[in-house]
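Coordinate analysis (summary)
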Amino acid sequence: MRQPEIEAMDRGEMELLQLERLQSTLTRAYRQVKFYRRQFDRLGLNLDDIRSLNDLARLPCTTRGDLSENYPYGLFAVPLRDIVRILSSPGTTEKPLVVGYAVPDVKLWLELLARLYVAAGVTREDILQIILPPGLANWRRDLQAGAEYLGSSVIPPATLNFAKELMVMRDYKTSVLVTTPPLARHLLTVMTRMDLDPAALSLKSALLVASPLAAEARREIEAGFQVKCATAYGITEVMGPGLAFSCGADGGLHFSEDHFYPEIIDPETGNPVPPGAPGELVITTLSTVAFPLVRFRSGDRTSLLQEPCACGRTLARLGEIAGRTDPIFSVGGIKVHPDQVGALIREALGGHPPKFSHRVVSEEGLEILDIELTVEEGFFSDEIKALECLCRQARRHLADHLGINARITLKELGLE
Amino acid sequence: MLKIRNLSAYYGSVRALSGVTMHIREGEIVTLIGANGAGKTTLLNAVCGLVRKDGDLEFSGRSLQGLAPEEIVGLGLSQVPEGRQLFAPMTVAENLELGAYRRYRKESKAAINADLERVFQLFPRLQDRLAQQAGTMSGGEQQMLAIGRALMARPRLLLLDEPSLGLAPIVVEDILARLSQLRQEGVTILLVEQNARAALKVADRAYVLETGRIILSGPAADLLQDRQVTRAYLGRDYKEFTEGR
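Residues numbered from 1 in each chain as written. Chains lettered and ligands numbered in written order. Predicted model: local features only at pLDDT ≥ 70, side-chain atom pairs only at ≥ 80, totals over all residues.

Describing the overall build of chain B
In terms of helices and strands, chain B carries ten helices and ten strands. A compact globule built from 245 residues would reach a C-alpha radius of gyration of about 18 Å, and chain B, at 18 Å, matches this within 12%. By principal-axis analysis of the C-alpha atoms, chain B measures approximately 65 × 40 × 35 Å. Going through the 245 residues of chain B one by one, you find that 46% of them count as buried. (Helix = DSSP H or I, 4+ residues; strand = E, 2+ residues; numbered from the N terminus. Rg over C-alpha atoms; globule rule 2.2 N^0.38 Å. Buried ≥ 20, exposed ≤ 12 C-beta atoms within 10 Å, placed from the backbone.)

Okay, structure coming up:
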């Protein structure tokens, strides 16, 4: 454990720590962010009404929509000159979601990443190779910085083809592979094609991030690379990857409860669910300075287990991430909202509102967004060449804006 | 060791503290910083039972609710008040003896003398001035005596209110250095300071109070770097918060 005094803290002490940090976070949010002050005032609530952790549920949730409405800096709690990092994530509208970090936030972020790596068994002796697509820019930066902070040797993400990546992995004696579950599976297919034996590699573990690790994929990756898998959970709006992490006992994802307060609510009613029951994860920051978030709806379906883990940590654990409560879906770890896809295709088609259906398909492990676009009378040329050109444009547009691979097939109206 | 939940405290009808939750672990030096009037002294007085309060206070598992100040001292909690509050016409020796007044009936003279020795080890200068009137000593020496007197009650938690007040920087440094030494001897310390920089240098953790509420907390070394703190309490470049937005 990176911080045993915290990670294995007595429950009563943890709850006191959470309460004092929660109250000071709410005081800062109330005093320094208009949006939160209005939320309190609208309900006639006072800071004094939050006397226990359970009282937090009296406050309304914050949504991605609220973040968009306060674009760009409306939710920052410190003046801009105290901000040292400004991060964007795509959100669900054309405006990105903007998150700010002050100096103490950057330090906290690095510590959380170190905690994640230590739990994954990574040490400063390790050689890490990060293979993540450019669309996962935040994860790439976070995981590289965290491993360097821990003191491991890092091979940062590059734009090599997969065969080259595997050559590097073998020759540089990479001991830890950091990638997404789909890319790990794709690497396995490339290995087979190259006739590369996992025994020729020095890999001991794989840290798989950005999308949930299904049991079957995990078995396949562990057997294929002959490694042990670790995983992590994070969302950009709430400081990224260090939010929750797996441990040696594989009993779920330990949530960094000392810095973030988790709740599980019923996504329909917004009410808290009984302990252990599934629902939507809602997160309140307890330590961040620049960007306090109160009851942020993650959109992820999961559950929260409070029982201590066999690994010795007492930090509560997230159960399986079992899908979303909103229409957002993941293509190779990149989160996409259907409205964004619609808007981008529409742009590529010169403003004509498209009719389309989509699904995520997997080819050799790689995830591709398969879009079936309905050809309508008169909205573009019926010349095959011109149609193909439009498809190419739309595909490039999706790659440019979202960083995802897409395939577009045309369907003529009335033909099934 | 000390757990405080939802503490509010009043001076007359004025509420000086609202909803303060904090904790101190055994062996820590924790500092409470904040501007004049933020509620720092009120917090210490509330812990010691000197002002009207609401909330849960727990010291080593015992509730402090309804206890008289002297009973709280009996549990192992002593305060070094702001402005020293020595008995000025009395000698150094008499002041120190008074610090142990609750112990005379129960404990042997030898035990009390051993603690006197401990105070002299910490502040050798006091031994040289045992017969001097407390009020005639320098400010720094008076502060040493005030701490020494509090130590004579054998506290497990020492509460210090503005020990740097009115002292030259070099003297402040010396006195605060002795706090680290005290901690090594097993005394836990809650230090209230307006001199935030000096306090943050000696403390492990800190809480920042602003108009009666805690607005920040964390490792002292981190808060020393925090720009909100440097602006507001370390006397650098303070302008309206909303400026530049």
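Section: the overall build of chain A
Scanning chain A for helices and strands turns up eleven helices and 19 strands. Here the C-alpha radius of gyration of chain A, 23 Å, is about what a compact globule of 416 residues would show, namely 22 Å. The principal-axis extent of the C-alpha atoms belonging to chain A is close to 70 × 55 × 45 Å. Out of the 416 residues in chain A, the part that is buried amounts to 45%. Intrachain contacts of chain A at a sequence separation of at least 6 include 66% that bridge at least 24 residues. (Contact = placed C-beta atoms within 7 Å.)

What to know about helix 6 (residues 139-151) of chain B
Residue and element names in this part refer to chain B. Between its first and last C-alpha atoms helix 6 spans 18 Å; for 13 residues at 1.5 Å apiece the expected length is 18 Å, and the two agree. For helix 6, the buried fraction is high: eleven of the 13 residues fall into the buried class. Along its buried surface, helix 6 packs onto strand 6 (77-80), helix 3 (92-99), helix 4 (109-122), helix 5 (124-128), strand 7 (157-161) and helix 7 (169-184). (Expected span 1.5 Å × (residues − 1).)

A closer look at helix 3 (residues 34-42) of chain A
Residue and element names in this part refer to chain A. Among all positions in helix 3, only Tyr 36, Gln 39 and Phe 40 are buried. Down the axis, helix 3 shows its buried residues gathered within 95° of arc, on one side only. Opposite the buried face of helix 3, by more than 90 degrees, sit the exposed residues Lys 34, Arg 38, Asp 41 and Arg 42. On its buried side, helix 3 packs onto helix 2 (11-32). In the stretch just after helix 3, Gly 44 is the one whose phi turns positive, near 65°. (Arc of directions from axis to C-beta.)

Here's the deal with the environment of Tyr261(A)
All names here are of chain A. With respect to the helices and strands, Tyr 261 occurs in strand 10 (residues 260-265). Sequence spacing of Tyr 261 and Thr 285 is 24 residues, and the spatial spacing of their C-alpha atoms is 6.3 Å. Residues within four places of Tyr 261 in sequence aside, it is in contact with Gln 18, Leu 22, Leu 56, Thr 284 and Leu 286.

Re the nonpolar core
In this structure, Ala206(A), Leu207(A) and Ala290(A) are the most contacted members of the largest nonpolar core, which totals 110 residues. Discounting residues that sit within four places of it in the chain, Leu207(A) has contacts with Ala120(A), Val176(A), Val178(A), Ala230(A) and Ala232(A). If you look at the next biggest cluster of nonpolar residues, it comprises 70 residues, including Leu7(B), Leu64(B), Leu160(B) and Leu216(B). (Core = buried A, V, L, I, M, F, W, Y, C linked by C-beta atoms within 7 Å.)

A few points about the sheet that holds strand 17 (residues 356-363) of chain A
Residue and element names in this part refer to chain A. Strand order in the open sheet formed by three strands is 17-18-19, with mixed pairing between adjacent strands. With partners counted over all chains shown, the strands left at the sheet margins are strand 17 and strand 19 (406-412), one partner each. Strand-to-strand twist across the sheet, computed as the mean angle between neighbouring axes with direction ignored, equals 25°. Where strand 17 and strand 18 (residues 366-375) come together, eight bridges link them in antiparallel fashion. Counted as the bridge partner of Arg 359 is Asp 370 from strand 18. (Pairing = 2+ DSSP bridges. Axes fitted to C-alpha atoms, helices over the stretch in contact; angles between N-to-C directions.)

Things to note about the interface of chain A and chain B
Opposite the 21 residues of chain A that make contact, chain B presents 23 residues. At the level of elements, helix 2 and helix 5 (103-119) of chain A are the ones that each hand at least two residues to the side of chain A that touches chain B. Among the residues forming the side of chain A that touches chain B, the class breakdown is nine nonpolar, four polar and eight charged. (Nonpolar A, V, L, I, M, F, W, Y, C, P; charged D, E, K, R; others polar.)

So, the packing of helix 3 of chain B against helix 6 of chain B
Residues and elements named next belong to chain B. It is at 7 Å that the axes of helix 3 and helix 6 come closest, and there the two elements cross at 35°. As for how helix 3 packs across helix 6, the hand of that crossing is right-handed. Here Val 92, Asn 95, Leu 96, Leu 98 and Gly 99 of helix 3 come into contact with helix 6, specifically with Leu 145, Gly 148, Arg 149 and Ala 150. (Left-handed = near helix turned anticlockwise from the far one by under 90°.)

A closer look at the confidence of the model for chain B
Low pLDDT marks stretches whose predicted atomic positions should not be read closely. Residue and element names in this part refer to chain B. On average, chain B scores 89 in pLDDT, and the residues at 70 or more come to 95%. Between residues 236-245, whose pLDDT stays under 50, and residues either more than four places distant or in other chains, the model counts 13 contacts. The ipTM value of the predicted complex is 0.89, and its pTM value is 0.91. (pLDDT = per-residue confidence, 0-100.)

Topic: the sheet that holds strand 8 (residues 240-245) of chain A
All names here are of chain A. Taken in spatial order, the nine strands make up an open sheet running 4-3-5-6-7-8-9-14-13, and their pairing is mixed. Only two strands of the sheet have a single partner each, and these edge strands are strand 4 (153-155) and strand 13 (304-305). In this sheet, strand 5 (residues 176-179) lies alongside strand 3 (residues 127-131) in parallel orientation, the contact comprising four bridges. Bridging across to strand 5, Leu 128 finds its partner in Val 176. In the packing of helix 8 (residues 181-194) onto the sheet, contacts are made with strand 3, strand 5 and strand 6 (205-208), and the angle to strand 6 comes to roughly 140°. Packed on one face of the sheet, helix 9 (residues 215-225) meets strand 6 and strand 7 (228-235) and runs near 135° to strand 7.

Structural notes on the packing of helix 7 (residues 162-171) of chain A against helix 8 of chain A
All names here are of chain A. Direction vectors running N to C along helix 7 and helix 8 enclose 80°, while the axes themselves pass 10 Å from each other. Accordingly, the angle class assigned to the pair helix 7 and helix 8 is roughly perpendicular. Only His 186, Leu 187, Val 190, Met 191 and Met 194 of helix 8 make contact with helix 7, whose side of the interface consists of Phe 162, Ala 163 and Leu 166. Across the contact of helix 7 with helix 8, the residue classes tally to seven nonpolar, one polar and no charged. (Parallel < 35°, antiparallel > 145°, perpendicular 65-115°, else oblique.)

Comments concerning the pairing of strand 8 of chain A
All names here are of chain A. Of all six residues in strand 8, six are buried, a share of seventy percent or more. As judged from the three bridges shared by strand 7 and strand 8, these two strands associate in the antiparallel manner. Residue pairing for strand 8: Ile 235 is matched across the bridge by Gly 240. What sits between strand 7 and strand 8 in their antiparallel hairpin is a turn of four residues, with Met 239 showing a positive phi close to 70°.

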